[in-house]
Amino acid sequence: MDELEDEIRAQAHHWRTLRDEGLSQEDQRRFEQWRDADPRHAEAYAEARVFWEAAGLPGLGGKITATMARQESEELQTAGGEVSQFRQSIVPRFVAGALAAAAAVAAFIAVGPDLSSFGEPSVRTERFATELGSTQVLTLPDRTRITLGPDSVLEIALSDSQRNAQLLKGSAFFNVHSIQQRPFIVGTDIIDVAVTGTKFDVQLRDENAAVAVGEGSVEVRLSGSDDEVGALGSPIRLEGGQRVSASLADGFGEVEEVFPAELAAWRTGRMIFSNATLVEVASELNRYVAKPISVDPSVSGLKISGTFDSAQADELLEFIQRSYPVRVIEANAERQIVPR
C-alpha cells in the first residue's frame, strides 16, 4: 500500500510539472482521465500543487534567472545584509575587507608547503566554518560571492593566476565573477567543479556530492581523475537548470533538471523535499539541530515530499510521525526514527 501511494504521489508531481509547461489537448484529456480515475489521484495532485506553489516554484519551464534573483534578495535579508570579506593579509595585492561574520565562526590558518590543490606555495588560505543552523555570505576581492551553508567548512585560496576553494563539509552556493584567465575551481573529496563565471550549488552528504547549476555552465569530474575518461566515466558538463549527484563508489548518477527555487533553497531557510528518502531528510535536518537524528534501516526508504521551515525541525518530525508508520524516540544523545 505504501508503494502504491508513493507511485501516485510521483505521478501527481509529474502531471503538475507537465501542466506548468503546457499540455496538448490529448495530454489534457489523459490528465483528466488519470485525475478522475481514483479519488487518491485528485488528492495527490492537489497536494502537489500546494507543495510547489507554496515553495514559489514555477515549474521546470519557469525562468530560473528571475527566481534566483528573488532568492538572492531574500538571502541578504536573512543574513541581515552582512557579509564577510577576505582580509588584506591573505593575498597582499587583493582588496582588504573587514571580517564581519554575523552567524558563523571563522578561523584563519597558514598553509604549509604542500599546496598542490590550492596553487602557488606563497598563498595563504582562509578557512570559514559555520555553526548548526547558520549561514555566512562571503565576498571575495574579485566580486565572487559565496554563501556557506549551515554546519559547513570551506577553505579559499587566491593568487594572481588561480582561484581555488575546497569544500570540506556541508554546502556552498557560488556566484562566480567571470575572469577567463583565472578559472574558479571548487574541490571536494568526491568531485571537482571548474568554472569561469556562473551560479551553482555544491552539497556534500555522507559519501555523496551533488552539483546544481543556476546560470552558465560547469565541468564536473570525479576527484583524482585527471584522465580525459576516468575509471567511472568522463567529466560531465552541466548547464543552467541541471544537476548531478556522484559518489566515488558508483560514479555519476543521471543528469536531472532542477526547479529554480529548489536551487540552494537553504539560503532562505527552506528545506524542499521531492520524493526524498527518510535518510536524506534526516541528513538535511542534522545541519540544523544540536541533537542528531538517525533512521532505523527498516524505514529508511520511506519517501517524503514537501516544503518546510529549517528553523522548525520539531514540527517536521511531528509531521513525519503523523504521516508515516514511524515514531521518534530519545536515545542517549540522539533521536531515532523507528518503526511504530
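The rules behind each value
- Residues numbered from 1 in each chain as written.
- Predicted model: local features only at pLDDT ≥ 70, side-chain atom pairs only at ≥ 80, totals over all residues.
- Heavy atoms only, no water.
- Helix = DSSP H or I, 4+ residues; strand = E, 2+ residues; numbered from the N terminus.
- Buried < 20%, exposed > 50% of the residue type's maximum accessible area, 1.4 Å probe, protein only.
- Contact = heavy atoms within 4.5 Å.
- Areas by Shrake-Rupley, 256 points an atom, 1.4 Å probe, with all protein chains shown as cover.
- Pairing = 2+ DSSP bridges.
- Axes fitted to C-alpha atoms, helices over the stretch in contact; angles between N-to-C directions.
- Core = buried A, V, L, I, M, F, W, Y, C linked by side-chain atoms within 4.5 Å.
- Parallel < 35°, antiparallel > 145°, perpendicular 65-115°, else oblique.
- Left-handed = near helix turned anticlockwise from the far one by under 90°.
- Nonpolar A, V, L, I, M, F, W, Y, C, P; charged D, E, K, R; others polar.
- 1 Å grid on protein atoms, 1.4 Å probe; cavity = no way out; pocket = protein on both sides within 12 Å on 5 of 7 lines; lining within 4 Å.
- Points joined across faces, edges and corners; volume = space filled by probe spheres on them.
- pLDDT = per-residue confidence, 0-100.

Visitor: Go over the overall build of the chain, please, and point to the residues and values.
Guide: Each helix and strand counted, the chain has six helices and 22 strands in total. Counting the 340 residues in the chain, one finds 46% classified as buried. Looking at the chain alone, contacts between residues at least 24 apart form 55% of all its contacts between residues at least 6 apart. Per element, the accessible surface of the chain, about 16300 Å² overall, is 48% carbon and sulfur.

Visitor: Kindly report on the sheet that holds strand 21 (residues 326-331), identifying the contributing residues and their values.
Guide: Taken together, three strands build an open sheet; the order of strands is 19-22-21 and the sheet is mixed. In this open sheet, the two strands that pair with only one neighbour each are strand 19 (293-295) and strand 21. Within this sheet the neighbouring strands show an average axis-to-axis angle of 30°, counted without direction. Alignment of strand 21 against strand 22 (residues 334-339), held across six bridges, turns out to be antiparallel. From the neighbouring strand, Val328 faces strand 22, where its bridge partner is Ile337. Helix 6 (residues 313-323) contacts strand 19, strand 21 and strand 22 of the sheet and is inclined by roughly 130° relative to strand 21.

Visitor: Can you break down the environment of Ile337 residue by residue, with the values?
Guide: With respect to the helices and strands, Ile337 occurs in strand 22. When the C-alpha atoms of Ile337 and Gln321 are compared, they prove to be 8.7 Å apart, with 16 residues separating the residues in sequence. The residues contacting Ile337, other than those within four sequence positions of it, are Leu278, Ile293, Ser294, Val295, Asp296, Val299, Leu317, Val326, Arg327 and Val328.

Visitor: Account for the nonpolar core, naming residues and giving values.
Guide: If you look at the biggest cluster of nonpolar residues, it comprises 33 residues, and the most contacted ones within it are Phe174, Ile191, Val193, Phe200 and Val211. Ignoring any residue separated from it by four or fewer positions in sequence, one finds Ile191 in contact with Val186, Ala209, Val211, Val220, Arg221, Leu222, Ser223, Ala246 and Phe252. Grouped together as the second largest cluster of nonpolar side chains are 27 residues, Leu263, Trp266, Phe273 and Ile304 included.

Visitor: Which residues make up the environment of Leu316, and what values do they have?
Guide: With respect to the element layout, Leu316 can be found in helix 6. Measuring from C-alpha to C-alpha, the distance between Leu316 and Val281 comes to 9.7 Å, with 35 residues separating the pair along the chain. Once you skip the residues sitting within four places of it in the chain, Leu316 turns out to touch Met271, Phe273, Val281, Leu285 and Phe308.

Visitor: Which residues make up the packing of helix 5 (residues 278-285) against helix 6, and what are the values?
Guide: A packed helix pair is summarised by two numbers, namely the angle formed by the two axes and the spacing between the axes. Two elements in contact, helix 5 and helix 6, have axes whose closest approach is 11 Å; the angle formed by their N-to-C orientations is 165°. What the angle tells us is that helix 5 and helix 6 run roughly antiparallel. Crossing angle aside, the handedness with which helix 5 passes helix 6 is left-handed. For the pair helix 5 and helix 6, contact is made by Leu278, Val281 and Leu285 and by Ala313, Leu316, Leu317 and Ile320, respectively. Of the residues assigned to the contact of helix 5 with helix 6, the class counts are seven nonpolar, no polar and no charged.

Visitor: If you had to explain the layout of surface pockets to someone new, which residues and values would you point to?
Guide: By volume, the largest pocket is sized at about 1300 Å³. Along the walls of the largest pocket sit 40 residues, with Arg243, Ser245, Glu256, Ala276 and Glu280 positioned nearest its centre. Where the lining of the largest pocket is concerned, the elements lending two or more residues are helix 1 (2-21), strand 11 (199-205), strand 12 (208-215), strand 15 (242-247), strand 17 (256-257), strand 18 (270-277) and helix 5. Ranked by residue count, the leading element in the lining of the largest pocket is strand 18, at seven residues. When its residues are assigned to classes, the lining of the largest pocket shows 18 nonpolar, 10 polar and 12 charged.

Visitor: Before we move on, could you go through the confidence of the model for the chain and cite the residues and values that matter?
Guide: Per-chain confidence: the chain averages 75 in pLDDT, with 71% of residues scoring 70 or above. This model gives residues 87-121 a pLDDT under 50, and the stretch forms 72 contacts once residues within four places in sequence are excluded. Below a pLDDT of 50 lies the segment residues 227-232, which in the model reaches 10 contacts outside its immediate sequence neighbourhood of four places, other chains included.

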